[in-house]
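# Overview (structure and organization)
Here is how the chains run, residue by residue.
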Amino acid sequence: MTKSENTKNSSSIWGGRFEGGVSSVMERINASIAFDRELYRQDIMGSKAHADMLVKTGIISRADGEAITAGLTRIEGEIESGAFAFSAALEDIHMNIETRLAELTGDAAKRLHTARSRNDQVATDLRLWVRDAIDRISADIDALISSLLDQAERHADTVMPGYTHLQTAQPVTVGHHLMAYVEMLRRDHGRFADARLRMNESPLGAAALAGTSFPIDRQMTAKALGFDRPMRNSMDAVSDRDFAAEFLFAASLTAVHLSRLAEELVLWSSDRFGFITLSDEFSTGSSIMPQKRNPDAAELVRAKPGRITGALITLLTILKGLPMTYGKDLQEDKEPVFDAAEHLMIALAATTGMMRDLTFQPEAMGDALKHGFATATDLADWMVRVLNLPFRKAHHATGAIVALAEQKGLRLDELSLEDMQSVLPEITADALSVLTVDHSVASRMSEGGTAPAQVRTAIAKARQDRP
């Protein structure tokens, strides 16, 4: 682009105030069309609603309104077909569409920006985009919850080690373990729903920052765009990006939850655990080691919080210290939002696929429970219940019995009654019945516990309360 072309395009955007063109560096740093073209559907939707309102209030003629709407529909088709020519010299999606509209409709297009600014226009577009992203992500979370519920139901009775500090703690069921992630995801779904409810107000009509002297109907445009109401303060309307920050926080926490699950899939699929086998669709091989079967999908999901939480920090840093109302800094709000949404959706899809297709290995999980004295707490509880010992004394006696088993190289359920009585003479043969893992999980009947009956109740309730 020559300097004269640059001057011409700049003047057409900014009007008569500027006579000279901008430098090529200024054009590069100022233009956002490379990424904000993502907003084209929302921009066209908002422009149509604004045009309809201008007609209804008598601010523009019906003929101009019809020409604008027809032109916008044509432009949407051109963009979707790939025929639309985007120009960096026109800065952003708003001016690219408006300029093309003027080519199609002449002076009618030049009336569209009446009672509107790019400030309230972009704030509206981004709210609409984030709202759409929340709806897509919420559906993706629901799909992942479904795959987890299906696996939990299949394995409501399958026992596995439960861990604290990644050390064997107590026996749990696979179903119970998976239901913990269902609960996390239900909270994630709720956070997105809360954010959507709070952000569903329309900035359109706030204009640059002070509102407008034209007799517009903000209620009409808000309703047309599916918002609950117009925003109450015009300055807040153009400057607020809380909704984007809330979206990114909800996305970040969801990504962290997916990363925790992904880490367990990585561990469980390793040779040292062998608790699951991932399907070929979500595994890769090695370029040099033919025996390798790598959980790359899980590892990539595990990494996603890096860029998604980074997007949150990026936006918060942009917003920090901004004075009222609009600053060009806010042009930088879109890329982190777009990037985070894209990568959260692919992480959700990959996790859903892995959970749907993986195979649990009950035998390997059962073998793991032969180590680590997982039923030691059951023995201590028996002492409290049957011998009426204070729990701390029962805990101490059980610890001594565990040490004896470790010394002998035996599991707890392999110790003889005499061995146990050498530590605590009051122990009876009845104590031996609580030392199996099946008895342990079946006994955990407290609400929210790991007993298969409780797991099935939790699954049924989760299906009933699906978000």
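Above this text you will find the structure in question.
Numbering of residues starts from 1 in every chain and runs along the sequence as written. It should be noted that, the model being predicted, local features are given only for residues of pLDDT at least 70 and side-chain atom pairs only at 80 or more, the latter also being counted only at that level, while totals for whole chains, interfaces and linings use all residues. The side-chain figures draw on all heavy atoms in the structure; neither hydrogens nor water molecules are used.

### Comments concerning the side chain of aspartate 378
- Only runs of H or I of at least four residues qualify as helices and only runs of E of at least two qualify as strands under DSSP, and these elements are numbered from the N terminus. Looking at where aspartate 378 falls in the secondary structure, it is placed in helix α17 (residues 376–387).
- Between two residues, a contact is recorded if the distance between any of their heavy atoms is within 4.5 Å. Beyond its immediate stretch of four places on either side in the chain, aspartate 378 contacts Val434, Ser440, Ser443 and Arg444.

### Regarding the layout of surface pockets
- Residues are called lining when one of their atoms sits within 4 Å of a cavity or pocket point, these points coming from a 1 Å grid over the protein atoms alone, where a cavity is a set in which a 1.4 Å probe fits but cannot get out and a pocket is an open set with protein on both sides within 12 Å along at least five of seven lines. Grid points are joined across faces, edges and corners, and a volume is the space filled by probe spheres set on the points. Reported here for the largest pocket is a volume of approximately 350 Å³.
- Every residue lining the largest pocket is counted, 15 residues in all, and those nearest its centre are Met179, Glu183, Gly448, Gln454 and Ala458.

### A few points about the packing of aromatic side chains
- Working definition: rings of Phe, Tyr and Trp (its six-membered ring) pair if their centres are within 6.5 Å, and the pair is stacked with planes under 30 degrees apart, edge-to-face with planes over 60 apart, and tilted otherwise. Here the structure, examined in full by the defined rule, presents 6 aromatic pairs.
- A ring pair is formed by phenylalanine 84 and phenylalanine 86, whose centres lie 4.8 Å apart and whose planes are at 55 degrees; its orientation type is tilted.
- A simple rule labels every residue: compare its accessible area, found with a 1.4 Å probe on the protein chains alone, to the largest value its type can have, and call it buried under 20%, exposed over 50%, or partly exposed in between. For phenylalanine 86, a relative accessible area of 25% puts it in the partly exposed group.
- Ring geometry for tyrosine 163 versus phenylalanine 273: centroids 6.2 Å apart, planes at 65 degrees, classification edge-to-face. One end of the pair, tyrosine 163, is in strand β1 (residues 159–164); the other, phenylalanine 273, is in the loop between α12 (242–268) and β5 (276–277), and 110 residues separate them in sequence.
- Put simply, the rings of Tyr163, Phe273 and Phe275 touch in pairs and so form one group of aromatic residues.
- The ring of phenylalanine 86 carries the charged tip of arginine 37 above its face, separated from the ring centre by 4.2 Å. When the NZ atom of lysine or the CZ atom of arginine is within 6 Å of a ring's centre and also within 35 degrees of its normal, the charge is said to sit over that ring.

### Some thoughts on the pattern of salt bridges
- Take a side-chain nitrogen of Lys or Arg and a carboxyl oxygen of Asp or Glu: if they are within 4 Å of each other, that pair is a salt bridge. Counted by the stated rule, this structure contains 30 salt bridges.
- Residue arginine 463 pairs with glutamate 153 through a salt bridge whose shortest N-O separation is 2.9 Å. With a gap of 310 residues between them, arginine 463 in helix α21 (residues 452–464) and glutamate 153 in helix α8 (residues 118–154) connect regions that are remote in the sequence.
- For arginine 463, a relative accessible area of 30% translates into the label partly exposed.
- One salt bridge in this structure joins lysine 408 and aspartate 419, with 3.7 Å as the shortest N-O distance. Of this pair, lysine 408 sits in helix α18 (residues 391–408) while aspartate 419 sits in helix α19 (residues 417–421); the two residues are 11 residues apart in sequence, bridging distant segments of the chain.
- Through salt bridges with shared partners, a single network forms among Arg74, Glu78, Arg100 and Glu103.

### Some details on α18
- For a helix, the expected span equals 1.5 Å multiplied by the residue count minus one. The first and last C-alpha atoms of α18 sit 25 Å apart over 18 residues, in line with the 26 Å expected at 1.5 Å per residue.
- Among the residues of α18, Ala394, Ala397, Thr398, Ile401, Val402, Leu404 and Ala405 are the ones counted as buried. The arc enclosing the buried residues of α18, seen along the axis, measures out at 160 degrees, which places them on a common side. Residues of α18 that are exposed and point over 90 degrees away from its buried face: Arg392, Lys393, His396, Glu406 and Gln407.
- Those residues of α18 hidden inside the fold are in contact with α17 and α19.
- Looking one or two places after α18, you find glycine 409, whose phi comes out positive at around 70 degrees. Starting at the helix axis, one direction is taken to each C-beta atom, and the arc is that of these directions.

### A look at the packing of helix α4 (residues 40–56) against helix α5 (residues 62–81)
- Here the axes come from fitting lines to C-alpha atoms, over the contacting stretch only for helices, and the angles between their N-to-C directions go from 0 to 180 degrees. In contact at an axis separation of 9 Å, α4 and α5 are set at 170 degrees when each is read in the N-to-C sense. Relative to α5, the element α4 is oriented roughly antiparallel. Along the contact surface, α4 presents Tyr40, Arg41, Ile44, Ser47, Lys48, Ala51, Asp52 and Val55, while α5 presents Arg62, Gly65, Ile68, Thr69, Leu72, Thr73, Ile75, Glu76, Ile79 and Glu80. For this classification, under 35 degrees means roughly parallel, over 145 means roughly antiparallel, 65 to 115 means roughly perpendicular, and everything else is oblique.

### Examining the nonpolar core
- Counting 88 residues, the largest nonpolar core has Val130, Leu148, Phe192, Phe247, Leu265 and Leu344 as its most contacted members.
- Among the elements that line this core, the one with the most residues is α12, at 14 residues.
- With near-sequence residues (within four places) excluded, phenylalanine 247 lies in contact with Val130, Ala133, Ile134, Ile137, Phe192, Val337 and Ala341. Here, nonpolar core refers to any group of buried Ala, Val, Leu, Ile, Met, Phe, Trp, Tyr and Cys residues whose side-chain atoms link them within 4.5 Å.

### Quick look at the environment of alanine 207
- Note that alanine 207 resides in the loop between β3 (201–202) and α10 (218–224).
- Excluding residues within four positions of it along the chain, alanine 207 makes contact with Ala115, Arg116, Ser117, Asn119, Asp120 and Val238.

### Some points on unusual backbone geometry
- Note that the residue after methionine 324, namely threonine 325, is joined by a cis bond; omega there is 0 degrees.
- Within the fold, threonine 325 resides in the loop between α14 (305–319) and α15 (334–357).
- Despite not being glycine, alanine 115 has its phi angle at roughly 65 degrees, a positive value.
- With respect to the helices and strands, the residue alanine 115 is situated in the loop between α7 (107–110) and α8.
- Unlike most non-glycine residues, phenylalanine 373 shows phi in positive territory, near 55 degrees.
- Among the secondary structure elements, phenylalanine 373 is positioned in the loop between α16 (362–368) and α17.

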